[in-house]
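# Descriptive structure summary
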Amino acid sequence: MLQLLNVVTDRGSKYAVSGGPVTNRKDIDAFLKQLKRDRKFAKATHNTWAAQLSDGPPLKGDDGESGAGMVIVRMLEREGLQDHVVVVTRWYGGVKLGGDRFRRVQDCVRAYLEELPPSAG
């Protein structure tokens, strides 16, 4: 599991990004369960995720951050990253970010993709 903490802070909201290899929905669920074993992630406001599996359509979960999962899906598709889940975690800071929340999700995914070893993609 690759995990980047405190990737972005915007008006009090803090973001982190995590990810790892998966091959099916069961793997994704296990990854999310493992992530949420860490109390900090379990108590986060949102754990938005997406995965592009090689044998099916993309899967995503907004976890209350409507539309954020699709932002991750599009970035994974552009990168050609398959059989990998990416989770963007947000701890809400008390100020609504409007459309900027999608830019913060993109910032996190971009940072994650930059840290991935070349063999992972």
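Look up a bit, the structure's there.
Bear in mind the structure is a predicted one, so any value in this text is a computation, not a measurement.

Under the 1.5 Å per step criterion, the end-to-end length of helix α3 (residues 68–79) is 17 Å for twelve residues, consistent within 8% with the ideal 16 Å. Turning to α3, its buried residues number three or more, namely A68, G69, V71, I72, V73, M75 and L76. Contacts from the buried residues of α3 go to β3 (46–51), β4 (59–61), β5 (84–91) and α4 (100–115). G80 sits one or two residues past α3 and shows a positive phi near 75°.

Here the focus is helix α1 (residues 25–36). Residues that lie three or four places apart on an α-helix share one face, since the helix turns once every 3.6 residues. With twelve residues, α1 extends 17 Å from end C-alpha to end C-alpha; this agrees with the ideal 16 Å at 1.5 Å per step. All of the buried residues along α1 are I28, F31, L32 and L35. Seen end-on, α1 carries its buried residues on one side only, within an arc spanning 95°. Turned more than 90 degrees away from the buried face of α1 sit K26 and K33, all of them exposed. In this fold, the buried residues of α1 make contact with β1 (2–10), β2 (13–21), α2 (39–42), β3, β4 and β5.

Across a regular strand the side chains alternate sides, sitting on one face of the sheet and then on the other. Where β1 meets β2, six bridges bridge the pair, whose relative direction is antiparallel. Residue pairing for β2: L4 is matched across the bridge by V17. Hairpin connection of β1 to β2: two residues between the antiparallel strands, including R11 at a positive phi of 50°.

It is worth spelling out the packing of aromatic side chains at this point. Any aromatic ring pair is given by two values, namely how distant the centres are and how the planes are angled relative to each other. Going through the model one piece at a time under the given rule, you end up with one aromatic pair. Above the ring of W91, the side-chain terminus of K40 is found at 5.3 Å from the ring centroid.

Cut-offs used in this document
Residues numbered from 1 in each chain as written. Predicted model: local features only at pLDDT ≥ 70, side-chain atom pairs only at ≥ 80, totals over all residues. Heavy atoms only, no water. Helix = DSSP H or I, 4+ residues; strand = E, 2+ residues; numbered from the N terminus. Expected span 1.5 Å × (residues − 1). Buried < 20%, exposed > 50% of the residue type's maximum accessible area, 1.4 Å probe, protein only. Contact = heavy atoms within 4.5 Å. Arc of directions from axis to C-beta. Pairing = 2+ DSSP bridges. Phe/Tyr/Trp six-rings, centres within 6.5 Å; stacked < 30°, edge-to-face > 60°. Lys NZ or Arg CZ within 6 Å of the ring centre and 35° of its normal.

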